[in-house]
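# Structure assessment
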Amino acid sequence: MVAAGLLAFALFTVALGAPLLREPLHVHDARSAAPNGYKANGAPHPDTVLTLRLALKQSDPSGLVEKLYDVSTPGGGNYRQYLSKTEIEKYTTPSAESLAAVTEWLDRNGVKATPGATGQWLHIEVPVAKANAMLDAEFSVFEHPETGVSAIRTLAYSVPASVQPHLDFIYPATAFPVKATRGAANVYQASNAARNSTQMRRAGVDASCNAAMTPACLQGLYNIPTTPATQTSNTLAVSSFESSFASSTDLKSFLSQFRTDMSSDTAFGVQAVDGGVNNESQASVEGSLDIQYTVGMATNVPTTFFTVGSDEGDLTGLLDLVNTLISQETAPTAFTTSFGFPEALVPEDIASNLCSAFAVLGTRGTSVFFSSGDSGVDDGEGGECTVFRPTFPSGCPFVTVVGATQGVAPEIAAPISSGGFSNFFPTPQYQSDAVSSYLSALGSTNAGLFNTTGRAYPDVSAAGTSYQVVINGTVTSVSGTSASTPLFASVVALLNDRLIAAGQPTMGFLNPFLYSQGKNALNDITEGSNPGCNTNGFPAANGWDPVTGLGTPDFSKLLGLLKLS
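Source: prediction; values computed, not measured.

A few words now on the overall build of the protein chain. Looking only at helices and strands, the protein chain features 15 helices and 26 strands. A compact globule built from 565 residues should have a C-alpha radius of gyration of about 24 Å, and the protein chain, at 25 Å, falls within 12% of that. In terms of overall dimensions, the protein chain has a C-alpha envelope of 100 × 50 × 50 Å along the principal axes. Burial status across the protein chain gives 55% buried among its 565 residues. The long-range fraction of contacts in the protein chain, counting pairs at least 24 apart against all pairs at least 6 apart in sequence, stands at 81%.

Put into structure tokens, the structure is as follows:
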């Protein structure tokens, strides 16, 4: 009778799809507590279905980085010889062994996986009860009373030893929703010191530009041409998060007022990610700024507004957006984002995965730009800071980070311009000399407040105050690195147009070029600082500095370095 009972129990177990001899599990990821503000509020219903993404190990991540530098370093035999989508997949696609190990484990647990946007990702849907069992986890409902955000997460999960070497992480099991911080400060105004300067203005730049920055001001300040681009294969991607919308009607009004040499009917494309929409009747500061100072500066460069609608937080949206771009047969030639995150709130494995994705885009010939942020040496999270807090993806060495300046006579660092040193990523070789020189001159200032061996940012900067933007029919003055970033991306988009017209590849990942040859075509900014955390922050200085980077662009000089004639 006992034997019959055991047999019945065994059959019942098999019927549920659980293995009789379970492989021991080992902790794969764990955190000590939920992020500040989140509180556990009981267990979800065991039948609640979780959507989880499994990131498998890339087959050759070090080879990917080596190839990125190979195609991005001036003077090399493969400089600007970019890889196709198929060619790059030999570095990023998980090995057959990894795919088999993970899928066999899922099969043993009765879980069916579907492929993600790229070969590195598998997506699964599992009830909470099964997720808890197969991952030795305790998924709970966590709520953030201040924001109203609710999420089902676990503080730890485990996988079998046979799976561990092949699995990067499971998302968002232990990763809590993170809202992006915008690089736009609508109420910020440039200081009087910059506005009232009597020093010689840069040729062609009117004094009124100190108080109201327009396309004409920027063209004069940075020698940006009004000549229309001609190459349709040259594309500029603009990202949008947090329900940030752009209006075609506002763009028409903007062009009618500030770019009378352009057709006011010039349009932008829209592409949705994660169900995003572009609600033109609710144009936002961010969306309006980004579109008007890409379409309105990169004259006739095809521009697409990527609107991201993820309900799992902006970090999920950024993952999905970048993987969407990677999955396309033809990647954009320039990609600009005016949003970022406090680095401390981004799980380090997610940060590394995203940084690797930016390396993929660079290897395919995309110039990737991110704003540094608008909080000086802080990260925009709020609250008190006792050490400098970096932003993300600013710390990723495979993106070009843009800070902000103010004024035209002289042009100096904007106090809001975020800059500093990553706590995740080390100083890359291409900037090691520049950073070392700055730190030597800095001496003991701010000692102990930042990671002296971290990836330093920003790389470059541009004007970031008092941009004239049409928002819901009204001209508004907007400031921030959200202004400087699309402007710098537009300069590069116009350079790409000239390159393609001359039968040459686009500029791609810029940083090795900028820190070697390119710095000679930039305006070095040597005045100002970025205060924060109860300090004066970092001072601007000769050469690179963590406020304005290597300086602001000069289109004519950059074009000259390309030697197209």
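From this point, the discussion proceeds with the structure in view.
The subject of this paragraph is the pattern of salt bridges. One pass over the full model with this rule turns up 13 salt bridges. Put simply, Asp 379 and Arg 389 hold a salt bridge, and the shortest N to O gap is 3.5 Å. Of this pair, Asp 379 sits in the loop between strand E16 (367-371) and strand E17 (391-392) while Arg 389 sits in the loop between E16 and E17, and the two are 10 residues apart along the sequence. According to the relative accessible area criterion, Asp 379 is buried, its value standing at 2%. Residue Arg 389 is classed as buried on the basis of its relative accessible area of 17%. Here the residues in one salt-bridge network are Asp 378, Asp 379, Glu 381 and Arg 389, joined through shared partners.

Note that the residue after Tyr 171, namely Pro 172, is joined by a cis bond; omega there is 0°. Residues other than glycine seldom take positive phi values, yet Asn 223 does so here, at roughly 55°. Within the secondary structure, Asn 223 is located in the loop between helix H7 (215-222) and strand E11 (236-240). Given the relative accessible area of 35%, Asn 223 is considered partly exposed.

Between two packed helices, the angle of one axis relative to the other and the distance separating the axes together describe the packing. Between helix H2 (residues 61-72) and helix H3 (residues 85-92), the shortest axis-to-axis distance is 7 Å and the interhelical angle comes to 135°. Put simply, H2 runs oblique to H3. Contacts between H2 and H3 involve Pro 61, Gly 63, Leu 64 and Lys 67 from the first element and Ile 88, Tyr 91 and Thr 92 from the second. The class makeup of the residues in the contact of H2 with H3 is 4 nonpolar, 2 polar and 1 charged.

Conventions we followed
- Residues numbered from 1 in each chain as written.
- Predicted model: local features only at pLDDT ≥ 70, side-chain atom pairs only at ≥ 80, totals over all residues.
- Heavy atoms only, no water.
- Helix = DSSP H or I, 4+ residues; strand = E, 2+ residues; numbered from the N terminus.
- Rg over C-alpha atoms; globule rule 2.2 N^0.38 Å.
- Buried < 20%, exposed > 50% of the residue type's maximum accessible area, 1.4 Å probe, protein only.
- Contact = heavy atoms within 4.5 Å.
- Salt bridge = Lys/Arg side-chain N within 4 Å of Asp/Glu carboxyl O.
- Axes fitted to C-alpha atoms, helices over the stretch in contact; angles between N-to-C directions.
- Parallel < 35°, antiparallel > 145°, perpendicular 65-115°, else oblique.
- Nonpolar A, V, L, I, M, F, W, Y, C, P; charged D, E, K, R; others polar.

The quantities given are spatial measurements derived from coordinates; they are silent on function.
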